[in-house]
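Chain by chain, the residues:
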Amino acid sequence: MDYRLIDLPSHNDERGGLVALEAWSEWVPFEIKRVYYLFATAQGVERGFHAHRKLQQLCICVSGSCDFVLDNGQSRETVHLNSPLKGLRIGNSVWREMKNFTPDCVILVIASEHYDEADYIRDYQKYLSEINHI
Ligand code: TYD
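This structure is a prediction, so every number in the text was calculated from the model and none was measured. (Residues numbered from 1 in each chain as written. Predicted model: local features only at pLDDT ≥ 70, side-chain atom pairs only at ≥ 80, totals over all residues. Heavy atoms only, no water.)

Draft legend 1. Looking closely at the site of the ligand. As a structural note, the neighbourhood of the ligand is formed by Arg 34, Tyr 36, Arg 47, Gly 48, His 50, Tyr 115, Tyr 120 and Arg 122. The contact in question runs from an oxygen atom of the ligand to an N or O atom on the side chain of Arg 34, over 2.3 Å. Within the side chain of Arg 122, one N or O atom sits 2.9 Å away from an oxygen atom of the ligand. Compared with its free state, where it exposes 530 Å², the ligand has 57% of that area covered by protein. (Near = heavy atom within 4 Å. Polar contact = N/O pair within 3.5 Å; in protein donor to acceptor, adjacent residues only side chain to side chain. Areas by Shrake-Rupley, 256 points an atom, 1.4 Å probe, with all protein chains shown as cover.)

This is how it looks when you write it as structure tokens:
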């Protein structure tokens, strides 16, 4: 499946932690065109339920925890994110669902493209038919 859970470079010292990420690096192998974050997710809410045609993303759980369910049309895997030192890189064609957000969960997303609704595949049956034609 086109995702990777990676260790992020940290500059921790006695003062605390610091992670710096740059475009076209080992951790972010694309131009950064957009950054957004999910926070204050209401209890029991599930988000995502889409794939992309082009977008590459790096997702970092900078606070709290949540689960990413990733699906390539053939299998499904759940990745638990609970550390600001881990990044989840998700390829465009992976269907993603996010659930089990803790109240303090903040997901920072670094994205390769500007927001474009036309890049989204939000219907799972359409997703299956699109990836089977790739
Ligand atoms: P949505 O795609 O529904 O989020 P999720 O996939 O996590 O459920 O996005 C919620 C709203 O935010 C929707 O109106 C589109 C808007 N939005 C932007 O304007 N820019 C962005 O970069 C993103 C991710 C969403």
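Moving on from the coordinates now.
Draft legend 2. Summary view of the sheet that holds strand S1 (residues 3-7). As summarised here, the arrangement of the 5 strands in space is S1-S7-S4-S9-S2, forming an open sheet in which the pairing is antiparallel. Of all strands in the sheet, those bounded by a partner on one side alone are S1 and strand S2 (34-38). Within this sheet the neighbouring strands show an average axis-to-axis angle of 25°, counted without direction. Of the pairings in the sheet, the one linking S2 to strand S9 (residues 106-111) comprises 5 bridges and is antiparallel in character. Paired with Val 35 across the two strands is Ile 110, which belongs to S9. (Pairing = 2+ DSSP bridges. Helix = DSSP H or I, 4+ residues; strand = E, 2+ residues; numbered from the N terminus. Axes fitted to C-alpha atoms, helices over the stretch in contact; angles between N-to-C directions.)

Draft legend 3. Spatial organisation of the side chain of Glu 113. With respect to the helices, strands and loops of the structure, Glu 113 is situated in the loop between S9 and strand S10 (120-121). By relative accessible area, Glu 113 is classed as buried at 17%. There is a polar contact of 3.5 Å between the side chain of Glu 113 and the side chain of Ser 112. In this structure Glu 113 touches Lys 33, Arg 34, Lys 54 and Leu 55, once residues within four positions along its chain are discounted. (Buried < 20%, exposed > 50% of the residue type's maximum accessible area, 1.4 Å probe, protein only. Contact = heavy atoms within 4.5 Å.)

Draft legend 4. Highlighting the side chain of Ser 65. One can find Ser 65 in the loop between strand S4 (57-63) and strand S5 (66-71). Leaving out residues up to four positions away in the same chain, Ser 65 has contacts with His 80, Leu 81, Asn 82, Asn 100, Phe 101, Thr 102 and Cys 105.

Draft legend 5. Quick peek at the nonpolar core. Grouped together as the largest cluster of nonpolar side chains are 16 residues, with contacts concentrated most on Cys 59, Phe 68, Leu 70, Leu 88, Ile 90 and Ile 107. Within the residue set of this core, elements represented by two or more residues are S4, S5, strand S6 (76-81), strand S7 (86-90) and S9. Ranked by residues supplied to this core, first place goes to S5 with 3 residues. When near neighbours in sequence (up to four residues on either side) are disregarded, Ile 90 contacts Asp 2, Tyr 3, Leu 55, Gln 56, Gln 57, Cys 59, Phe 68, Leu 70 and Arg 96. (Core = buried A, V, L, I, M, F, W, Y, C linked by side-chain atoms within 4.5 Å.)

Draft legend 6. Just the pairing of strand S8 (residues 95-99), in detail. Counting buried positions along S8 yields 5 of 5 residues, so the element is predominantly enclosed. Alternating positions in S8 separate into two faces, Trp 95, Glu 97 and Lys 99 on one and Arg 96 and Met 98 on the other, with burial throughout. Summarising the sheet, S5 and S8 pair through 5 bridges and their orientation is antiparallel. Bridging across to S8, Phe 68 finds its partner in Met 98.

Draft legend 7. Region of the structure containing the pattern of salt bridges. Enumeration according to the criterion identifies 11 salt bridges in this entry. Note that Glu 97 and Lys 99 form a salt bridge whose closest N and O atoms lie 3.1 Å from each other. Take Glu 97 and Lys 99: they sit in the same class, and that class is buried. In this structure, Glu 117 engages Arg 122 in a salt bridge whose closest nitrogen and oxygen atoms are separated by 2.7 Å. Classification of Glu 117 by relative accessible area gives partly exposed; the value is 37%. Each of the salt bridges in this network shares a partner with another, and the network as a whole consists of Glu 46, Asp 71, Arg 76, Glu 97 and Lys 99. (Salt bridge = Lys/Arg side-chain N within 4 Å of Asp/Glu carboxyl O.)

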